[in-house]
Amino acid sequence: MSTVAEAPSTVLANIILPLSKSGLLLPNSAVAEVILAGQLSSAVSSPFLLGYMTWREQEIPLISFEGLLSGSLPDDLPLRQMAILHGITNRQKMPFFGLVLSGVPRMLRLRASDITPLDVEANPLIHSHVRAGDMALMIPDWDALEQEILAAL
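Treat the numbers as computed from the prediction; the structure is a model and nothing was measured.

A. A look at the pairing of strand 8 (residues 96–101). Strand 8 sits mainly inside the fold: six of its six residues count as buried. Neither face of strand 8 is open: one carries Phe96, Gly98 and Val100, the other Phe97, Leu99 and Leu101, and all of them are buried. By the bridge criterion, two bridges tie strand 6 (residues 58–63) to strand 8 in an arrangement that is parallel. Within strand 8, the position partnered with Ile63 by the bridge is Leu99.

Dropping the structure here:
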């Protein structure tokens, strides 16, 4: 009989945010809400910042992750749905920000053993590229992502 108790594998609630050519894998707790796109209150000249929108009586920036990665907005960027994400780094200046989605997000419960790292060229905005089930996904570097957004505001 073994005296060492084996810890059960923890299952975490995650959400897949679909992008035009890939998707982001985030903990479910990073997403405040998924909403239909609203009216942008102001437009800005940026390769990734689309402008500001009103959400729960506050102005929040709306970004395109694809634009942030490539340096230019995609030509076919849909403005149908967006995820409202919690800001972490500077909650005073940016408590929330919006991210344009290319489809409907979906929940995915995963264990660490369900995620396989992929060998893909490094990008400072991406913490890691992974495979979860049959999907290749990106896990963003949250600090780098927020620094880029805050620098553009």
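B. Quick look at unusual backbone geometry. Not every positive phi belongs to a glycine, and Arg56 is a case in point at roughly 50 degrees. In this fold, Arg56 is placed in the loop between strand 5 (49–55) and strand 6. Phi is positive for Glu57, which is not a glycine, with a value near 65 degrees. Inspection of the secondary structure assignment puts Glu57 in the loop between strand 5 and strand 6. Residue Glu57 is classed as exposed on the basis of its relative accessible area, which comes to 80%.

Reading the values: rules and limits
Residues numbered from 1 in each chain as written. Predicted model: local features only at pLDDT ≥ 70, side-chain atom pairs only at ≥ 80, totals over all residues. Heavy atoms only, no water. Buried < 20%, exposed > 50% of the residue type's maximum accessible area, 1.4 Å probe, protein only. Helix = DSSP H or I, 4+ residues; strand = E, 2+ residues; numbered from the N terminus. Pairing = 2+ DSSP bridges.

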